[in-house]
Amino acid sequence: MKVGVDIGGTFTDLCAVDGTGIVAVGKVLTTHDEPARAVEEGLAALFTGAGIAASDVEQVVHGTTLVTNALIERKGSRTALLATAGFRDVLEMRREHRYELYDLAIELPEPLVPRHLRFDVPERILADGSVHIGLDEGYTRKLGRELAARGIGAVAICFLHAFTNPAHERRAAEVLAEVAPGLRVALSSEVVPEIREFERTSTTVANVYVQDLTERYLRDLEHRLRRLGVTGAPHIMLSNGGLATVDTAARYPIRILESGPAGGAIAAASLGPADLLAFDMGGTTAKLCLIADGAPLVTHQFEVDRKYRLLPGSGLPVQVPVIDMIEIGVGGGSIARIDALGLLTVGPDSAGSEPGPACYGRGGTEPTVTDADLVLGYLDPAYFLGGGMTLDAAAAREAIGRIAEKLGVSVEEAAWGIHTSVNEDMANAARVHAVERGQDPAKLPMYTFGGAGPVHGAGVARALGAPSIVAPPAAGVLSAAGFLTAPLAFDFVRSARAAVHDLSWEQVDTLFAEMEAEGAALLAKSGVDDVTHRRIAEMRYSGQGYEIRVPVPGGSWPDTLIDEFTATYRALYRRSGPEVGVEVLNWRVVSSGPAPDVTLRLALTKSAGNARKGSRKAYFPSAGGFVDTAVFDRYRLEPGDRVDGPAIVEERESTVVVPPGACCVVRGDAGLEVTV
């Protein structure tokens, strides 16, 4: 038995899998004051309801939004920054790029370290790794004592060119350990040893800022699992789609920044065709990810706490491997309002789980997407979470009514406006995301999951022009299920900028061998002996500002590498670049163990009886408004069954809406395919 647990902004999802497939699923409200408490309570209920003995659980894999939330809410440690003399303000100067060129009042997130805690350390290493000015150990020693006396809990050390020569960073850490052993210290040469000073500094600061909070949380999680009777140590989902031990995650918490969404992406990749669009809509946000050639795309440039969610440059940059997805602030709990221009807008702020949407009956009064979906008849107030939570339809109508009054329309029209506004926002984001990566979203099937995803999936697909959507098995908790398909894996990087024709294979192979040895040693600590390594070069035309990821082939050198770069560039941009040289900026290795032998087909106990539960009124303007809509029990449908729209298919954790003119067919793996 293996169990996946995903803590989201509104719900904590759980999924149990054995050799036959998915045998139990669960969803409980997230407890933000103590996130591990929801895990413990949810697992206890899951084990009891499914008759699972905790001692039979071989593995627990966990993903969480803890790190993201801590960065957004500024709930980390008091942190100081030690930088090369003259460079302490890199963290605040950022880049020259402005996400709104002519807006003099653009918003940017405040640095995690205020200026009075950023210090210029006398030292200087040059770009070639040679020492220009030695480290002033006396200054470092005195500074360490002062930081400890002032109650500073964490220190980030980010010296110029430390990715080429880390000697000064390592020595500074040794000096701090001598005079202030209680300080947590992070070195940029360990956290993110690659070029680009601002991104490297921002990432190292963010890592140590959340390190104490993350470690305390993970130790609490281990304690609660042992108290339940689960004996195996949990594994933690990384943002790149791999797994790590608790110790590794506690050392590099920035690597678990997007661990929850990563699970859904790799689950969709394991269930679907080689190329698809994965769409995950939960209670707080929606995520869209491209799957190409059977795997999610990965990026090493990500931003947290964007002031404008769709605009790069408006957030805190984090330079770690992350599954390449776009995240927008529209989920079931997203709040609808009328803006200063009198227009309807939804999100990015969310009611979350505390107090939640008005219909939750937990004190929330703001109109949300879930309230709108309930008013439209898409959700059954008596069957939310399989009947575990009753929704207040009257409270939902009252909340949406305030929007309707301002717009001068009926409550149903206001609810439909909220529903379709969200669909259009997600379709627009998906279109931009796909086209920027060389894909046409209208040609891709869309796999939709998360608690709210299947409700909105058909509407998003129609807005995109996509041919179909698929709601996979256990769609409401698919991210938790996806955790169980991931191997133990970790990424390593070395910056060594050079023109391809100036490199020798011996130089490159030495770099790769160092990283592969590091990867093998890290995975060996988790008991993994069968390790595979994937080699990647980040390349660009000379003179370009950014690079693309290129697989490093075998064969003759360097022509094969340039050919691979040209093919990758053409696939992305549909043309070749200029007649100039090609250079490599970074070399990467992904070290991974074998993928688990896990199937995600539904093995839940089938409900007896007719699949059709009855009917209720649901709102579809194309059919004239409220119409009788057949309601089906997903657990009674069999492969090959067909449902014509308008229809609603319900399961405990999510609901699939089949609009008029669409049809839904149950696939062999129990996924629901809706042709729109």
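Residues numbered from 1 in each chain as written. Predicted model: local features only at pLDDT ≥ 70, side-chain atom pairs only at ≥ 80, totals over all residues. Heavy atoms only, no water.

### Remarks on the layout of surface pockets
Here the second largest pocket defines a volume of roughly 640 Å³. If you go around the second largest pocket, you meet 25 residues; those closest to its centre are E190, R251, Y252, F492 and E518. Those elements giving two or more residues to the lining of the second largest pocket turn out to be α6 (188-191), α9 (246-251), β25 (489-499) and α16 (505-524). It is β25 that contributes the most residues to the lining of the second largest pocket, five residues altogether. (1 Å grid on protein atoms, 1.4 Å probe; cavity = no way out; pocket = protein on both sides within 12 Å on 5 of 7 lines; lining within 4 Å. Points joined across faces, edges and corners; volume = space filled by probe spheres on them. Helix = DSSP H or I, 4+ residues; strand = E, 2+ residues; numbered from the N terminus.)

### What about the packing of aromatic side chains?
Here the structure, examined in full by the defined rule, presents 13 aromatic pairs. Relative to F620, the ring of Y378 lies with its centre 5.5 Å away and its plane at 40°, an arrangement referred to as tilted. Linking Y378 in the loop between α11 (369-375) and α12 (393-407) with F620 in strand β29 (residues 612-620), this pair joins segments that are 242 residues apart in sequence. Both residues of the pair, Y378 and F620, count as buried. Geometrically, the ring pair formed by F512 and W587 is edge-to-face, given 5.6 Å between the ring centres and 85° between the ring planes. With F512 in helix α16 and W587 in strand β28 (residues 582-592), this residue pair connects regions lying 75 residues apart in the sequence. The residues F512 and W587 share a single accessibility class, namely buried. (Phe/Tyr/Trp six-rings, centres within 6.5 Å; stacked < 30°, edge-to-face > 60°. Buried < 20%, exposed > 50% of the residue type's maximum accessible area, 1.4 Å probe, protein only.)

### Concerning the packing of helix α13 (residues 411-435) against helix α14 (residues 453-464)
Orientation of α13 relative to α14, taken along the N-to-C sense of each, is 55°, at an axis distance of 8 Å. Relative to α14, the element α13 lies oblique. Crossing geometry of α13 relative to α14 is assigned as right-handed. Of α14, the residues touching α13 (which contributes H419, V422, N423, E424, M426, A427, A430 and R431) are V455, H456, G459, V460, A463 and L464. Residue composition of the contact of α13 with α14, by class: eight nonpolar, four polar and two charged. (Axes fitted to C-alpha atoms, helices over the stretch in contact; angles between N-to-C directions. Parallel < 35°, antiparallel > 145°, perpendicular 65-115°, else oblique. Left-handed = near helix turned anticlockwise from the far one by under 90°. Contact = heavy atoms within 4.5 Å. Nonpolar A, V, L, I, M, F, W, Y, C, P; charged D, E, K, R; others polar.)

### Digging into the side chain of E194
Mapped onto the elements of the fold, E194 is located in the loop between α6 and α7 (197-209). At a separation of 2.9 Å, a polar atom in the side chain of E194 contacts the side chain of Q319. Not counting chain neighbours up to four residues away, the residues in contact with E194 comprise F163, R200, Q319, V493, S495, N586 and R588. (Polar contact = N/O pair within 3.5 Å; in protein donor to acceptor, adjacent residues only side chain to side chain.)

### Concerning the environment of L444
Here L444 shows up in the loop between α13 and β23 (446-449). L444 gets classed as buried once you look at its relative accessible area, which sits at 6%. Taking the C-alpha atoms as reference points, L444 and P122, separated by 322 residues in sequence, lie 55 Å from one another. Not counting residues up to four positions away in its chain, the partners in contact with L444 are D275, L276, L277, L290, Q439, A466 and P467.

### Regarding the sheet that holds strand β26 (residues 532-541)
One open sheet accounts for four strands, arranged β25-β28-β26-β27; its pairing is antiparallel. Where the open sheet ends on each side, the last strands, each with one partner, are β25 and β27 (548-551). On average, each strand axis in the sheet is tilted by 25° relative to the strand beside it, whichever way the strands run. The strands touched by α16 are β25, β26 and β28; relative to β28, the strand with the most contacts, the crossing angle is about 25°. Sheet strands in contact with helix α17 (residues 559-573) are β26, β27 and β28, and its direction is about 130° off that of β27. (Pairing = 2+ DSSP bridges.)

### So, the pairing of strand β32 (residues 647-650)
Regular strands have side chains that alternate between both faces of the sheet. The side-chain alternation of β32 yields two buried faces, one formed by A647 and V649 and the other by I648 and E650. When strand β30 (residues 625-633) meets β32, the two strands line up parallel, connected through four bridges. Its bridge partner lying in β32, A630 is registered against A647. Alignment of β32 against strand β33 (residues 655-658), held across four bridges, turns out to be antiparallel.

### Things to note about the pattern of salt bridges
Where charged atoms from two side chains of opposite charge approach closely, those side chains can pair. Summed over all chains, the structure comprises 47 salt bridges. Salt-bridge contacts for R224 lead to E34; the nearest nitrogen and oxygen are separated by 3.0 Å. Of this pair, R224 sits in helix α8 (residues 211-228) while E34 is found in the loop between β3 (21-29) and α1 (35-50), placing the two residues 190 residues apart along the sequence. Classification of R224 by relative accessible area gives buried; the value is 8%. Using a relative accessible area of 34% as the deciding quantity, one classes E34 as partly exposed. Residue R616 is joined to E650 by a salt bridge in which the shortest nitrogen-to-oxygen separation is 3.0 Å. With R616 in strand β29 and E650 in strand β32, this pair connects stretches of sequence that are 34 residues apart. Neither residue differs from the other here; R616 and E650 are each classed as buried. Linked by salt bridges that have partners in common, D33, E34, R37, E40, E41, D220, R224 and R227 make up one network. (Salt bridge = Lys/Arg side-chain N within 4 Å of Asp/Glu carboxyl O.)

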